[in-house]
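Observations on the model geometry
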Amino acid sequence: MTVSDADMPTADDALLIVEGASYSYLDRFPALDDVSMSVQSGEKVALLGANGCGKSTLLKVLAGLLFPDRGRYTAFAAHVTEDGLEDAQFARGFRSRVGVVFQNSEAQVFSPTVREEIAFGPLNMGLERDEIAERVDDSLAMLDILDLADRAPYQLSGGQKKRVAIASVLVMNPDVLLLDEPTATLDARTQDWLIDLLVELNAAGKTIVLATHDLNTLDRLADRCIVFSEDHRVATDGPTHRVLRDQDLLAAVNLVRAGSRSPRLAAGWPLPS
Amino acid sequence: MHIPDGYLSPETCGVFGAAMVPVWTTAGRRVRKIVKNRYVPLVALGAAYSFLVMMFNVPIPDGTTAHAVGAVLIAVLLGPWAAVVAVSIALLIQALFFGDGGVLALGANTFNMAFVMPMVGYGVYRTLSRNVSLTSPRRPIAAGMGAYVGLNAAAFCSAVELGLQPALFHSANGTPLYSPFHLAQSIPAMAFAHLTVAGGVEFALTAGVVAYLQRANLPLLRINHRAVPDTDAELAPPNRPPWRWALVGLATLVVLTPVGLRAPGGAFGEDALSDLPLHKYHLDAVPTGLRHYAGFWHNALFNGYGFDNGSHPTIGYLVSALVGIAVIGAVVFAGFTVVRRVRRGHDVDDDFETAPT
Amino acid sequence: MSATSTTPKWLLQHEVGLCPCACIGKRRKGGVIEKTTSGAAALLRQTLFSEDVAGERGLLQRLDPRVKVLSLLGLLVVTADLRHIPVLLGMYAGTLALAAASKLRLSFFVKRVWLFIPVFTGVVVLPATLNVVTHGDIVVPLGTWFGHHLGLTEQGLRSAGLVVTRVATSISLVVLLTISTPWAKLLAALRALRAPRLLILVLGMAYRYLFLLLNAVTDMYVARRARTVAGATDATSGRLLVAASAGALFGKAQTLAEEVHLAMVARGYAGDARSVTAFRMRLLDAAFVLACVAAAVAAVGVDRLLGR
């Protein structure tokens, strides 16, 4: 365990800091083993790894939905614990600053109509009705789904559901966006749209953390990559272009097939120097 | 077993609706207590699940249908109070969208299937699965037995509700205004359908799912069995009887019974209806397959009518209702007493509401 | 009633096999699968279709859902109290008129209601017309059986008519409500009428899960069928299949339930259900309430006049 000084973040302007976190499901299936990482304000960070390496678990820890068995998590200079989030004031602050877009939009959209779905977060934040209505309309317009407002989410297509899920998070105006496999199961055009949106949001100052094993979109979606090994530890942490060049490492963590340069990587997208 | 609107008098509907209010309140409180963690979606899931199970009806010519309910399965997986909420909601959706079971009759239907069934069934399950590890082959059998008994308890209740109608609500010339079948007809018919057919389905479904989960998804079983060891072992502190509130519910029902008393009229021509020898005479014409059961129940419960003179229909109602409830109560009490005696300071299962969160 | 003299048990169990979830009887699994999948598909279509009707601009669709819920519930209570077939028929005609005013195709509406009045409601009340069940004055003698007179009684016939008309009217009222109201509005109306928050919350989620579960059921059976050669499997394997798929379904859905919960918590959910919907009563609503009250008073009045 690498626990540093009690209440001091390791880096001065780090927004989210995880130190020596370990987590096991049902106390017997390890998902995180002594993981330390931090995210600076305004960064685009990708958590990379094969299926079951723990990146989704780490995302849930960052979202304050799971709490490490060992180690600690600090967000916005405050220690995040299960007990701490029982406090309504702290929970409201934390939840409104951290937005989570889940991999499965099916799970994310659960309200009877799209409008209610998007209003769910602001309602829980206790905003005024007028402001909520305004924000909801703005979010609908921003994601170009005004015409879906009164539809039931289960009637929507996968891409439409993803838009609704993202709108329902953006409406709360979070500082940090956590996304689990955001481009998985989306068609090509929707993927492009989503990538553009995330880049735009990042340019507007939002911090973005995403878990993925899709290497194709990384050059645009992440400045930095944190790579997980299959034994649930951090294998490396560095700038995207450097990580992507390290074929041996990527093969070792099962992100590309061993002994063969990934054709997609070899296809020659521009590597930033 | 879904009683549609039109089979029960508004008075009966009112009584059962009123009886369910405290049950729902308690169930809501119990479920809400653990809501802050992750049970709301699970309860909703249970409701959808029960709905699916109930969707498959077999018509049985006695005024009802036979089908599995899944209430005991949900009680085993999520706890009896969650089952109350889940099955009630499944019944509400069915009543609203599929006309399967009435809206006014919702109180009666939920009393039978969402209250009596999970409580009785879970009681039986707990009794039979005492000191049994989570993966023991005895556990699915216990769950199946609970489901079987629970379903039949529910069927019996609905038979009593239906069977009381012609005796209490009929016009001057003896025309039954609601369900036309008497207790002597509704009870054997329901019992027959559920003891054989639907009970078997319920047993197979519940035992089968529990057995499957033992093999394939133990964590799901652990939700409501936190303190139960996976393999043979022993532990756990004494527990509050989960039936305490069930008993309160039944007691409430007894107290509320008079609310439903709206005397259907004065001295009606009840002679043909309640003439004992004539009744027996007609029973001889009932097909032999039914005669045995009919005769049995006929003798056992006819005292409950208590209105032979035709002059005290209200008292007859009260007495009949009390008899019906007493039988249900006896079932619950029997299970309760047995469990308590056997348990005595040892309890393997951890109840839903005491689960650490 | 339900059994003949010496029916062996196995024969009765074979009947049960008609229930798609039973698999107790000696049935080929193909039947089970067909029934389950087609049942699921039909259910989906039906419910989806009802949202289409709710989108029309008819009388009921324009009412405040709260008004609609209360009015139709009131009429339901009145219907339950009526004791004369002609009055009940009048009420039934009223529901038809409402359906027409709400731009419902009458043939569709009638079919939907009578589909729900399960065919067996008729079957159920038939024996009640016999003097064996309902004693009284025999109007249609059917001869003798084992030396006893057998026949349809006036009381039995009337009782059967009462039950059938009342059930039809009740179901019509409920169908009118649900078919003319989008599910979300119905929930909001219940919430506005002070239904417990937990109820609304679970109800809304359960409704959603239903669609997911139905899809999952269909997928699972289709997948299974693809792997099954012909229909020649024994009952035990059928039963195992049903139990296993029921179990797998629950497990699958439980994972989803946990995800939904996390998604809710991540957006600040702390156990309260809140809503943005606000309703407004209009003149039309007031007029509708008045009309319902008038209809109720008239029905009860006539019913009493005809005697109790």
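Predicted model only: the values in this text are computed from it and were never measured.

About the criteria used
Residues numbered from 1 in each chain as written. Chains lettered and ligands numbered in written order. Predicted model: local features only at pLDDT ≥ 70, side-chain atom pairs only at ≥ 80, totals over all residues. Heavy atoms only, no water. Helix = DSSP H or I, 4+ residues; strand = E, 2+ residues; numbered from the N terminus. Buried < 20%, exposed > 50% of the residue type's maximum accessible area, 1.4 Å probe, protein only. Contact = heavy atoms within 4.5 Å. Pairing = 2+ DSSP bridges. Axes fitted to C-alpha atoms, helices over the stretch in contact; angles between N-to-C directions. Left-handed = near helix turned anticlockwise from the far one by under 90°. Nonpolar A, V, L, I, M, F, W, Y, C, P; charged D, E, K, R; others polar. Polar contact = N/O pair within 3.5 Å; in protein donor to acceptor, adjacent residues only side chain to side chain. pLDDT = per-residue confidence, 0-100. Patch = residues over 30% accessible without salt bridge, like charges linked within 9 Å, V, L, I, M, F, W, Y side chains within 5 Å. Areas by Shrake-Rupley, 256 points an atom, 1.4 Å probe, with all protein chains shown as cover. Salt bridge = Lys/Arg side-chain N within 4 Å of Asp/Glu carboxyl O. Lys, Arg positive; Asp, Glu negative; His and termini not counted. Charge placed at Lys NZ, Arg CZ, Asp CG, Glu CD. Buried area = accessible area lost by both parts, 1.4 Å probe. Expected span 1.5 Å × (residues − 1). Bend = angle between axes of the 7 residues up to and from the residue. Core = buried A, V, L, I, M, F, W, Y, C linked by side-chain atoms within 4.5 Å. Domains from an automatic or database assignment. Phe/Tyr/Trp six-rings, centres within 6.5 Å; stacked < 30°, edge-to-face > 60°. Lys NZ or Arg CZ within 6 Å of the ring centre and 35° of its normal.

A few words now on the side chain of Thr240(A). Residue and element names in this part refer to chain A. With respect to the helices and strands, Thr240 occurs in helix α10 (residues 240-245). The class of Thr240 is buried, set by a relative accessible area of 5%. Beyond its immediate chain neighbours, meaning those up to four positions away, Thr240 contacts Leu218, Ala222, Asp223, Arg224 and Cys225.

Below, the discussion takes up the pairing of strand β1 (residues 14-25) of chain A. Residue and element names in this part refer to chain A. Of all twelve residues in β1, ten are buried, a share of seventy percent or more. Alignment of β1 against strand β2 (residues 29-40), held across eight bridges, turns out to be antiparallel. Note on β2: the bridge partner recorded for Val18 is Met37. Where β1 and strand β4 (residues 70-75) come together, five bridges link them in antiparallel fashion. Residue pairing for β4: Ile17 is matched across the bridge by Thr74.

A separate point is the packing of helix α1 (residues 10-33) of chain B against helix α4 (residues 80-98) of chain B. All names here are of chain B. At a closest axis distance of 8 Å, the pairing of α1 and α4 adopts a crossing angle of 115 degrees. Of the two possible hands of crossing, α1 and α4 adopt the one that is left-handed. Mapping the contact onto sequence places Val23, Trp24, Thr26, Ala27, Gly28, Arg30 and Val31 in α1 and Trp81, Ala82, Val84, Val85 and Ser88 in α4. Residue classes in the contact of α1 with α4 are distributed as eight nonpolar, three polar and one charged.

So, about the side chain of Thr212(A). Residue and element names in this part refer to chain A. By the secondary structure assignment, Thr212 is in strand β8 (residues 207-212). Given the relative accessible area of 2%, Thr212 is considered buried. Among the polar contacts listed, one links the side chain of Thr212 to the backbone nitrogen of Asp214, at a separation of 2.9 Å. Discounting residues that sit within four places of it in the chain, Thr212 has contacts with Leu47, Leu48, Gly49, Lys55, Glu181 and Leu218.

Residue and element names in this part refer to chain B. In the predicted model, chain B carries a mean pLDDT of 71, and 61% of its residues have values of at least 70. When mean pLDDT is taken per element in chain B, helix α5 (residues 106-128) scores highest with 93 and helix α10 (residues 271-274) scores lowest with 37. Overall, residues 257-311 carries pLDDT values under 50, and its contacts beyond four positions in sequence, including any with other chains, amount to 101 contacts. Contacts of residues 345-357 to residues separated by more than four positions or lying in other chains number 54 contacts, the stretch itself having pLDDT below 50.

Our focus in this paragraph is a positive patch on the surface. A cluster of basic residues, Arg57(C), Arg62(C), Lys103(C), Arg280(C) and Arg282(C), forms a positive patch at the surface. Within the secondary structure layout, Lys103(C) lies in the loop between α5 (85-101) and α6 (106-116).

This next bit is on unusual backbone geometry. Residue and element names in this part refer to chain A. Its identity as a non-glycine residue notwithstanding, Asp144 has a phi of 60 degrees, on the positive side. Inspection of the secondary structure puts Asp144 in the loop between α6 (129-142) and α7 (158-170). Here Asp144 falls in the exposed class, since its relative accessible area comes to 59%. The phi angle at Asn173 is positive, at roughly 50 degrees, despite the residue not being glycine. On the secondary structure map, Asn173 appears in the loop between α7 and β7 (176-180). Accessibility expressed as a relative area gives 45% for Asn173, which makes it partly exposed.

The next point concerns the sheet that holds strand β6 (residues 98-101) of chain A. Think of a sheet as strands paired side by side through backbone hydrogen bonds, with each pair either parallel or antiparallel. Residue and element names in this part refer to chain A. Taken in spatial order, the six strands make up an open sheet running β6-β7-β8-β3-β9-β10, and their pairing is mixed. Of all the strands in the sheet, the pair left with one neighbour each is β6 and β10 (234-239). The average angle at which neighbouring strand axes cross in this sheet is 15 degrees, direction not considered. Here four bridges tie strand β3 (residues 44-48) to strand β9 (residues 224-228), and the two strands are oriented parallel to one another. Bridge pairing links Val45 to Arg224 in β9. In the packing of helix α3 (residues 88-97) onto the sheet, the strands contacted are β6 and β7, and the crossing angle to β6 comes to about 55 degrees.

Turning our attention to the interface of chain A and chain C. Each side of the interface is counted separately: chain A has 30 residues, and chain C has 26 residues. Summed over both sides, the interface of chain A with chain C buries roughly 2600 Å², with 62% coming from carbon and sulfur. Considering only the side of chain A, the residues that lose the most area to chain C are Phe110(A), Leu123(A) and Tyr154(A), jointly responsible for 24% of the buried surface there. Taken together, chain A and chain C are joined by two salt bridges. For the salt bridge of Arg267(C) with Glu117(A), the shortest nitrogen-to-oxygen distance reads 2.8 Å. Taken together, chain A and chain C are joined by three residue pairs in polar contact (both at pLDDT 80 or more). Mapped by element, the contributors of at least two residues to the side of chain A that touches chain C are β6, α4 (105-108), α5 (114-125) and α6 of chain A. In terms of residues, the side of chain A that touches chain C owes the most to one element, α5(A), which gives nine residues. Of the residues in the side of chain A that touches chain C, the class split is 16 nonpolar, eight polar and six charged.

Moving on, we get to α5(B). Residue and element names in this part refer to chain B. Here α5 is 23 residues long and its end C-alpha atoms lie 31 Å apart, about the 33 Å a rise of 1.5 Å per residue gives. Helix geometry: α5 is bent most strongly at Val116, by close to 35 degrees, with proline Pro118 lying one to four residues after it. For α5, the buried fraction is high: 21 of the 23 residues fall into the buried class.

Turning our attention to the nonpolar core. Generally speaking, nonpolar side chains in soluble globular proteins are found buried as a group. With 207 residues, the main nonpolar core has Leu47(A), Leu62(A) and Tyr209(C) as its most contacted residues. With 16 residues, the top contributor of residues to this core is α4(B). Taken domain by domain, the makeup of this core includes at least three residues from each of domain 1 (30-53 + 183-225 + 234-277) and domain 2 (56-181 + 280-308) of chain C. Ignoring any residue separated from it by four or fewer positions in sequence, one finds Leu47(A) in contact with Met37(A), Lys55(A), Leu58(A), Leu59(A), Val209(A), Leu210(A), Ala211(A), Thr212(A), Ile226(A) and Phe228(A). Counting residues in hydrophobic clusters, the runner-up holds 48 residues, among them Leu123(A), Leu170(A), Leu179(A) and Leu249(A).

A few words now on the packing of aromatic side chains. Geometrically, a pair of aromatic rings is defined through the distance of the ring centres and the angle of the planes. All names here are of chain A. Considering all chains together, one arrives at six aromatic pairs over all chains under this definition. Members of the aromatic cluster, connected to one another through ring pairs, are Phe76, Phe90 and Phe94. Lying across the ring of Phe76, Arg97 places its NZ or CZ 3.8 Å from the centre. Its end group placed over the ring of Trp193, Arg163 keeps NZ or CZ at 4.1 Å from the ring centre.

What follows deals with a nonpolar patch on the surface. Residues and elements named next belong to chain C. Together, Val139, Val140, Leu142 and Leu157 make up an exposed nonpolar region whose accessible area comes to about 310 Å². Looking at the nonpolar patch element by element, the count peaks at three residues for strand β1 (residues 138-145). If you trace the backbone, Val140 turns up in strand β1. Val140 gets classed as partly exposed once you look at its relative accessible area, which sits at 34%.

All right, on to the environment of Arg151(A) then. The residue Arg151(A) is located in the loop between α6 and α7 in this model. Put simply, Arg151(A) and Arg115(A) are 36 residues apart on the chain and 8.2 Å apart in space, counted from C-alpha to C-alpha.

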